[in-house]
Amino acid sequence: MNLDYENVVERVLCSGEEISERVKSVARDIEKYYADSDKKLLLLGILKGSVVFMADLMKELKLPLEVDFMKLSSYGKGAVSTGNIVIKAGLEKKDLSGYNVLIVEDILDTGNTLYWLVDYLKREHGAQDIKICTLLDKPDRREKPIFVDFGCFSIPDEFVIGYGLDYNELYRDLPYVGVLKREVYE
Ligand code: PRP
């Protein structure tokens, strides 16, 4: 373990063990929800933050499923996302009308990204059934009426890193979610 690398973590918010338990539990909920559906299931991961959660979740799900990814960026994003979303990498599949789409995110913050994405998937890809699965939810920060269907942790408004989430592109590889020390970014 590189102690200097992890020295930026003030405290662990969700341990690897806690995340693993929640992923299993949420996977069971997802299986129940889609068990009787005739449609195919598409897990849609939003890069880059979702990559660790997506990998663990898809391994846990005992359902036939396909995966796809999009990379989105919020134009003008500083610490907070705006409603101006840019597609950096788009969907491979064009027609989603035959799919149950489960968006997989690392974090739901203001909701600007997902509010735009849900509308986009309906408008441009014909998606009809869209649900949201997120590792972390910061409900206090919400600006748009977006609700989590399958969520692992509801967390306070703190700067979190690890398990996919970055600070200046680092720390996505940490196997837990930690709070970043204030002195690192202030
Ligand atoms: C994060 C996260 C969501 C979005 C949530 O992505 O993965 O996509 O921000 O914020 P919102 O609810 O306020 O819109 P980010 O732009 O940090 O990119 P990354 O996943 O590549 O780190």
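Notes on the structure follow. Treat the numbers as computed from the prediction; the structure is a model and nothing was measured.

Cut-offs and rules
Residues numbered from 1 in each chain as written. Predicted model: local features only at pLDDT ≥ 70, side-chain atom pairs only at ≥ 80, totals over all residues. Heavy atoms only, no water. Helix = DSSP H or I, 4+ residues; strand = E, 2+ residues; numbered from the N terminus. Contact = heavy atoms within 4.5 Å. Pairing = 2+ DSSP bridges. Buried < 20%, exposed > 50% of the residue type's maximum accessible area, 1.4 Å probe, protein only. Arc of directions from axis to C-beta. Core = buried A, V, L, I, M, F, W, Y, C linked by side-chain atoms within 4.5 Å. Near = heavy atom within 4 Å. Polar contact = N/O pair within 3.5 Å; in protein donor to acceptor, adjacent residues only side chain to side chain. Nonpolar A, V, L, I, M, F, W, Y, C, P; charged D, E, K, R; others polar. Axes fitted to C-alpha atoms, helices over the stretch in contact; angles between N-to-C directions.

### Quick look at the environment of Lys131
- Take Lys131: it is sitting in strand 6 (residues 129-137).
- Along the backbone, Lys131 and Val148 are 17 residues apart, and their C-alpha atoms lie at a distance of 7.8 Å.
- Ignoring sequence-local partners within four residues, the contact set of Lys131 consists of Tyr33, Tyr34, Val101, Leu102, Ile103, Asp149 and Phe150.

### Focus: the sheet that holds strand 9 (residues 177-180)
- The strand order across the open sheet built from three strands is 1-9-8, with neighbouring strands paired in antiparallel fashion. Lying at the two open borders of the sheet, with one neighbouring strand each, are strand 1 (9-14) and strand 8 (160-161).
- With two bridges connecting them, strand 8 and strand 9 associate as antiparallel partners. Bridged to Ile161 within strand 9 is Gly178.

### As for helix 3 (residues 51-60)
- Of all the positions in helix 3, only Phe53, Met54, Leu57 and Glu60 are classed as buried. Buried residues of helix 3, viewed axially, fall in a sector of 135 degrees; they line one side.
- Against the buried residues of helix 3 lie helix 2 (16-34), strand 2 (40-47), strand 3 (66-74), strand 5 (99-108), strand 6 and strand 7 (150-154).

### What to know about the nonpolar core
- In terms of nonpolar packing, the biggest core is built from 28 residues, with Ile30, Phe53, Leu57, Leu135 and Leu136 touching the most fellow members.
- Of all elements in the fold, only helix 2, strand 2, helix 3, strand 5, strand 6, strand 7 and strand 9 reach the threshold of two or more residues within this core.
- Beyond its immediate chain neighbours, meaning those up to four positions away, Leu135 contacts Ile19, Phe53, Glu105, Asp106, Cys152, Phe153, Tyr163 and Val177.
- Grouped together as the second largest cluster of nonpolar side chains are 22 residues, Leu42, Met70, Ile103 and Leu108 included.

### Quick look at the site of the ligand
- For the ligand, the set of nearby residues contains 15 residues, the closest of which are Glu105, Asp106, Thr110, Gly111 and Thr113.
- Between the ligand and the protein, one listed contact pairs an oxygen atom with a side-chain N or O atom of Glu105 at 2.6 Å.
- Thr113 places a side-chain nitrogen or oxygen 2.5 Å from an oxygen atom of the ligand.
- Among the elements of the structure, strand 5 and helix 4 (112-125) are those that each provide at least two residues to the shell around the ligand.
- Classifying every residue of the shell around the ligand gives two nonpolar, six polar and seven charged.

### Some words on the pairing of strand 9
- Of the strand pairs in this sheet, strand 1 and strand 9 are connected by four bridges, and their pairing is antiparallel. Each residue of the ladder has a partner; that of Arg11, found in strand 9, is Val179.

### Quick notes on the sheet that holds strand 5
- Across the sheet, which stays open at both edges, the six strands sit in the order 4-3-2-5-6-7 with mixed pairing between neighbours. Edge strands, defined here as strands with exactly one partner in the open sheet, are strand 4 (85-89) and strand 7. The sheet shows a mean angle of 30 degrees between the axes of neighbouring strands, direction not considered.
- Here four bridges tie strand 6 to strand 7, and the two strands are oriented parallel to one another. Residue pairing in the sheet places Thr134 in a bridge with Gly151 of strand 7.
- The strands that helix 4 touches are strand 2, strand 3, strand 4, strand 5 and strand 6; relative to strand 5, the one it contacts most, it runs at about 165 degrees.

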